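So you can see what is in the structure, the chains are spelled out below.
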Amino acid sequence: MEKILEFKGITKTFPGVKALDDINLDLYKGEVHVILGENGAGKSTLMKILAGAYTPDLGEVILDGNKKMERYSPILSEEAGIRMIYQELNLIPELSIQDNIFLGHELKKGVFLDRKKMYKHTKQLLQSLNIDENPRKLVKDLSIAYQQMIEIVRALSSDAKVLVFDEPTSSLTSVEIKELFEMIRKLKKLGVGMFYISHRLEEVFEIGDRVTIMRDGVCVRTENVENITMNEIVEGIAGRKIENLYPHVRKPCGKKLLEISNLTGKRFKNINIEVHAGEIVGLSGLVGAGRSEIARAVFGIDDYADGEVFVDGNKLPKNSTAKAVDSGLCLLPENRKEEGLALSMSVEKNMTIAALNNLLVNNRLLRRETLDYVEKLSIATPTIDRLVNFLSGGTQQKVVVAKWLMTKSKVFIFDEPTRGIDVGAKTDIYELMDMLLEQGAAIIMISSDLPEVLGMSDRIYVICQGEIAGEFEADKVDQNTILQYAFGQQKKEETN
Ligand SMILES: Nc1ncnc2c1ncn2[C@@H]1O[C@H](COP(=O)(O)OP(=O)(O)OP(=O)(O)O)[C@@H](O)[C@H]1O
Ligand SMILES: [Mg+2]
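Residues numbered from 1 in each chain as written. Chains lettered and ligands numbered in written order. Predicted model: local features only at pLDDT ≥ 70, side-chain atom pairs only at ≥ 80, totals over all residues. Heavy atoms only, no water.

## Let's talk about the sheet that holds strand S5 (residues 67-68)
Taken together, four strands build an open sheet; the order of strands is S2-S1-S4-S5 and the sheet is antiparallel. Single-partner strands in this sheet number two, and they are strand S2 (17-28) and S5. Summarising the sheet, strand S1 (residues 3-14) and S2 pair through eight bridges and their orientation is antiparallel. Paired with Glu6 across the strands is Asp26, a residue of S2. Of the strands in this sheet, S1, S2 and strand S4 (58-63) touch helix H1 (residues 43-50), which is tilted by about 120° from S1. (Pairing = 2+ DSSP bridges. Helix = DSSP H or I, 4+ residues; strand = E, 2+ residues; numbered from the N terminus. Contact = heavy atoms within 4.5 Å. Axes fitted to C-alpha atoms, helices over the stretch in contact; angles between N-to-C directions.)

## Notes on helix H15 (residues 423-438)
Over its 16 residues, H15 runs 23 Å from end to end, which matches the ideal 22 Å to within 8%, given 1.5 Å per residue. For H15, the N-terminal cap is Asp422; the gap from its side-chain oxygen to the backbone nitrogen of Gly424 is 3.1 Å. (Expected span 1.5 Å × (residues − 1). Polar contact = N/O pair within 3.5 Å; in protein donor to acceptor, adjacent residues only side chain to side chain.)

## Comments concerning the site of ligand 1
Near ligand 1 there are 22 residues, and of these Lys43, Ser44, Thr45, His199 and Ser392 occur at the shortest range. Taking Ser44, its side chain carries an N or O atom lying 2.8 Å from an oxygen atom of ligand 1. In the model, a nitrogen atom of ligand 1 is placed 3.2 Å from a nitrogen or oxygen of the Tyr54 side chain. Isolated, ligand 1 exposes 640 Å² of accessible area, and the fraction of that covered by the protein chains is 91%. In this structure, ligand 1 is accommodated by the second largest pocket. Looking at the shell around ligand 1, the elements that each hand over two or more residues are S2, H1 and helix H14 (393-405). In terms of residue class, the shell around ligand 1 is built from seven nonpolar, 11 polar and four charged. Domain assignment of the residues forming the shell around ligand 1 places at least three in each of domain 1 (3-238) and domain 2 (256-494). (Near = heavy atom within 4 Å. Areas by Shrake-Rupley, 256 points an atom, 1.4 Å probe, with all protein chains shown as cover. 1 Å grid on protein atoms, 1.4 Å probe; cavity = no way out; pocket = protein on both sides within 12 Å on 5 of 7 lines; lining within 4 Å. Sits in = over half its atoms within 2 Å of the grid points. Nonpolar A, V, L, I, M, F, W, Y, C, P; charged D, E, K, R; others polar. Domains from an automatic or database assignment.)

## A word on the packing of aromatic side chains
Scanning the model with the defined rule gives eight aromatic pairs in all. Here Phe14 and Tyr54 contribute two aromatic rings whose centre-to-centre distance is 5.2 Å and whose plane-to-plane angle is 70°, an arrangement assigned as edge-to-face. With a gap of 40 residues between them, Phe14 in strand S1 and Tyr54 in the loop between H1 and S4 connect regions that are remote in the sequence. Since its relative accessible area comes to 25%, Phe14 is described here as partly exposed. Pairing Phe472 with Tyr485 gives two aromatic rings, centres 5.0 Å apart and planes at 80°, and the pair type is edge-to-face. With Phe472 in strand S22 (residues 467-473) and Tyr485 in helix H17 (residues 479-486), the pair connects residues that are 13 residues apart, well separated along the chain. By way of ring pairs, the aromatic residues Phe165, Phe181 and Tyr196 are connected into one cluster. Cation over ring: Lys318 sits above Tyr304, and NZ or CZ is 5.2 Å from the ring centre. A cation sits over an aromatic face here: Lys376 above Tyr373, 4.5 Å from the ring centre. (Phe/Tyr/Trp six-rings, centres within 6.5 Å; stacked < 30°, edge-to-face > 60°. Buried < 20%, exposed > 50% of the residue type's maximum accessible area, 1.4 Å probe, protein only. Lys NZ or Arg CZ within 6 Å of the ring centre and 35° of its normal.)

## Examining the environment of His248
Assignment of secondary structure puts His248 in the loop between helix H8 (230-238) and strand S13 (256-265). Residue classification places His248 among the buried residues on the basis of a relative accessible area of 9%. C-alpha of His248 to C-alpha of Met230: the two residues are 18 residues apart in sequence and 21 Å apart in space. Among all residues touching His248, those that are not within four sequence positions of it are Ile280, Asp434, Leu437, Gly455, Met456, Ser457 and Asp458. A polar contact of 2.6 Å, which involves the side chain of His248, links it to the side chain of Asp434. A polar atom in the side chain of His248 sits 3.1 Å from the side chain of Asp458.

## Structural notes on empty space enclosed by the protein
Per the stated rule, a full pass over the model turns up three cavities of 30 Å³ or more. Reported here for the largest cavity is a volume of approximately 120 Å³. (Points joined across faces, edges and corners; volume = space filled by probe spheres on them.)

## Re the layout of surface pockets
Approximately 1,100 Å³ is the volume found for the second largest pocket. Around the second largest pocket sit 49 residues that line it, and Gly40, Phe390, Leu391, Ser392 and Gly393 are the ones nearest its centre. Looking at the lining of the second largest pocket, the elements with two or more residues in it are S2, H1, H8, H14 and H15. Counting contributing residues, the lining of the second largest pocket receives three or more from each of domain 1 (3-238) and domain 2 (256-494).

## Observations regarding the domain arrangement of the protein
The domain architecture assigned to the protein consists of domain 1 (3-238) and domain 2 (256-494). One C-alpha centre belongs to domain 1, the other to domain 2, and the line joining them spans 29 Å. If you look at the interface, domain 1 gives 26 residues, while domain 2 gives 28 residues. A buried area of about 1,800 Å², summed over both sides, lies between domain 1 and domain 2, and 59% of it is on carbon and sulfur atoms. (Buried area = accessible area lost by both parts, 1.4 Å probe.)

Written out as structure tokens, the structure reads:
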């Protein structure tokens, strides 16, 4: 097989962090090379060098077997046929789908933009991925999942030789993932080489040809996929044995802490959900089913037309997150960059800001607690004074989780709590959830990760097009049944 790319002895240091340490790695034509590793291991940094965003301190990148990259710049990388699909979305929200896709390589008729042609091209590209959207729709009106798909479409709109997917599926659900994989298989046949970064380990076996595990800026193992097992992968990433991925212990639960009664809003209808102390209730469903919208309404971010919300027996007023927090409710939002974090503030500030709002606290104690959580969740930061902006994607997510854990709330709504989080930290977060339950809390977990919903919930509600399509005891239901309800192939009356 033909080698199209090689990293040779790549080393990169940031203040206080050796992000990459003598990386040697290659990529063949038509190959999917999966890169795994804990949060902060250096995966994105390596790919950003390839994209020309960073220059390595040492080492080189060789293209097509003999062409050394002389300089690192986004333009040179793009000219070499290297395309990135980043973990964090990179679209311009105020522009339409088609304008985003053709940004930087607009089609022109004379000196004018050829909008008609761009519309047609975009429509075709979208259709080839089964995305039924109007190319003129503004990106800000799309769900995160669709925005992610648009990024992929954009990367494909021009000739690509090497594609890098940096956690492309972290906000997609099973159907969309299937479509993405189909597209990847097509690209393989066309000879495109792909690096594929993911924290969803089952994907390795579905799409990967080779796999490399990174830890602390070093490649610890590269293997053909058929020569490695799931257990070896988990152990390689976490650096320890993990006996039980889903440590949740199901116990009889206590009093009702959250009641959502007949809630009806713009994108959901007649939602009735109860959550008790000591219980995790999973909300499953397709992306766009309305789960996050329900959470936002309950927490007081969005308005709703009808219905009531009670926390520990007290009715919550509409539209007041402050009152929601006061009454002991908290929401960990799915879109951490926009809603959960202040990027230009330190790890400590971010983690303590919510706790400061509703408690009379002692700063020294709070700092100690911050350090405690940094350790408990293995948050990869040199100090708690580091600006959150400089942390890896998954590490930022851990900071959001820690922030809400520190508020000592009674009812937690976690919206995709482990998205982008490495397997070791996932189990850490699950263990923290169980700890919260021990202390008498109640949890709603919105998750698109089916094994996670099944493994961690006591009860599961499946949401389909803004309505509850089914309610299940988690230990009496399987993935397929949940999917059927999520797709609306089952009627409400048939639920158990
Ligand atoms: N621009 C930067 N300035 C300072 N430190 C950085 C910068 N970019 C990355 N780092 C640090 O380099 C290390 C590697 O980060 P990187 O983003 O490559 O991790 P990752 O493997 O992609 O993690 P994740 O799975 O969370 O996405 C981390 O410790 C991170 O904090
Ligand atoms: Mg990353």
